[in-house]
Amino acid sequence: MTPKLSAVESPPELHTNRIEAIISVRDLIHRYQDRTALNGVSFEVRPAELFGLLGPNGSGKTTLFRILSTLMVPSAGTAQIAGLDVVREPAALRRHIGVVFQAQSVDQKLTTYENLWHQGHLYGLRGAALKQRIKEILTRVGLQDRARDRVETFSGGMQRRIELAKGLLHHPEVLLLDEPTTGLDPGARRDLWQYLQILRDQERVSVIVTTHLMEEAERCDRLAILNEGKLVALGTPAELTREIGGDVVLLEAHEPEELAGRIRNMFHIDAIAMGTHVRLEIENGHRFVPDVVEAFPGEIQALSVSKPTLEDVFIHRTGHKFWNEEPMPQKGKRKY
Ligand code: ADP
């Protein structure tokens, strides 16, 4: 289903005229006993930006998310949203943020309207104003016809849209979402991302999304890529992939370590072995391919030449794959 655009409400009053960045994270550190989950992370998010926190499992996304949503106090460093400090002013800050957790928070046995009614009360909204706001927000997420239906009768995608409506009820300037598309089918994922873009464009909400999915990260205006608690890259998806330049060549080989060494010696290229492949970054990869195949006859089982992706940015910055347990991505592989 395509999300319905609506013009039922004017943008919320923004506090962003006063401040350049709506979110400012400085040298954030978090330790759980002896484990360091965040290790000096700094970045800023601009007003009306769709900002992604991308990283593999264990990279620190949830920890960062919990600190920004004031559920956890960092070990060191600072984080501010709308000019308010997450540690010193959590109550005031919460009025500026909407939070959508991975775990479901809607009550299945209640109707959509009842869920939102209770949520409104938590934020001090009452009576006719709350009624009007529920109507507006349900129109915004395309569920205006389902207000009186019990949530348990809805699809996963619709339930996630109610979560979104709950998070937005009090007109926050910032919406924080933790892996919001987990468990959704591709159609519902697409819909949800369209809603996020609508929020950014029509209500100027800053949307922060954690994800471990490259295709979702590609949709963000800017990204912070995390690895083992550290920020390894920051920028627009296009900037990040452009930084690699040229092409990425993957060569499948029986002895990737050995082949990588020999390619380095012969071509003076920084080839590295990764799993069953040799990987290298090079300008005009298509010209290099015939040379390398000829130089090592019979040693290359298959190869691919492709433009760099965000996965390549991750490899470029960390020296290892995004998902260590998975095979190298198969980019239009050609048998040789
Ligand atoms: P992500 O959301 O990217 O998977 P997390 O923030 O959940 O990353 O975890 C970052 C690191 O902190 C991991 O090494 C994880 O094992 C560790 N960690 C997370 N929560 C706890 C906890 N409650 N106690 C101890 N270690 C934790």
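Small disclaimer: the values here were computed from a predicted structure and weren't measured. (Residues numbered from 1 in each chain as written. Predicted model: local features only at pLDDT ≥ 70, side-chain atom pairs only at ≥ 80, totals over all residues. Heavy atoms only, no water.)

## What to know about the pairing of strand β4 (residues 76–81)
Step number 1: Both strand β1 (residues 23–32) and β4 contribute to a ladder of 5 bridges, which runs antiparallel. Bridge assignment links Ile23 to a residue of β4, and that residue is Ile81.
Step number 2: Judged from the 2 bridges that link them, β4 and strand β5 (residues 84–85) form a sheet pairing that is antiparallel. Its bridge partner lying in β5, Gln80 is registered against Asp85. (Pairing = 2+ DSSP bridges. Helix = DSSP H or I, 4+ residues; strand = E, 2+ residues; numbered from the N terminus.)

## So, the side chain of Glu179
Step number 1: When you line up the elements, Glu179 lands in the loop between β7 (174–178) and α6 (186–203).
Step number 2: For the buried Glu179, which has no salt bridge, the nearest side chain bearing the opposite charge is Lys61, at an N-O separation of 4.0 Å.
Step number 3: There is a polar contact of 2.9 Å between the side chain of Glu179 and the side chain of His212.
Step number 4: Once residues within four sequence positions are removed from consideration, Glu179 is found in contact with Lys61, Gln102, Arg160, Thr210, Thr211 and His212. (Buried < 20%, exposed > 50% of the residue type's maximum accessible area, 1.4 Å probe, protein only. Lys, Arg positive; Asp, Glu negative; His and termini not counted. Salt bridge = Lys/Arg side-chain N within 4 Å of Asp/Glu carboxyl O. Polar contact = N/O pair within 3.5 Å; in protein donor to acceptor, adjacent residues only side chain to side chain. Contact = heavy atoms within 4.5 Å.)

## Digging into the domain arrangement of the protein chain
Step number 1: Split by domain assignment, the protein chain resolves into domain 1 (23–240) and domain 2 (246–307).
Step number 2: One C-alpha centre belongs to domain 1, the other to domain 2, and the line joining them spans 41 Å. (Domains from an automatic or database assignment.)

## Description of the site of the ligand
Step number 1: Lining the immediate environment of the ligand, one finds Tyr32, Arg35, Ala37, Pro56, Asn57, Gly58, Ser59, Gly60, Lys61, Thr62 and Thr63.
Step number 2: One of the side-chain nitrogen or oxygen atoms of Arg35 is found 3.4 Å away from an oxygen atom of the ligand.
Step number 3: Within the side chain of Lys61, an N or O atom sits 2.9 Å from an oxygen atom of the ligand.
Step number 4: When isolated, the ligand has an accessible area of 560 Å², and the protein chains bury 65% of it. (Near = heavy atom within 4 Å. Areas by Shrake-Rupley, 256 points an atom, 1.4 Å probe, with all protein chains shown as cover.)

## Observations regarding the pairing of strand β9 (residues 222–227)
Step number 1: Burial of β9 is extensive: 6 of the 6 residues sit out of reach of the surface.
Step number 2: Where strand β3 (residues 50–54) lies against β9, 4 bridges are found, and the strand directions are parallel. In the strand pairing of β9, Leu53 is matched with Ala224.
Step number 3: Judged from the 5 bridges that link them, β9 and strand β10 (residues 230–235) form a sheet pairing that is antiparallel. Bridged to Asn227 within β10 is Lys230.
Step number 4: Hairpin connection, β9 to β10: the antiparallel pair is bridged by 2 residues, and Glu228 has positive phi, about 45°.

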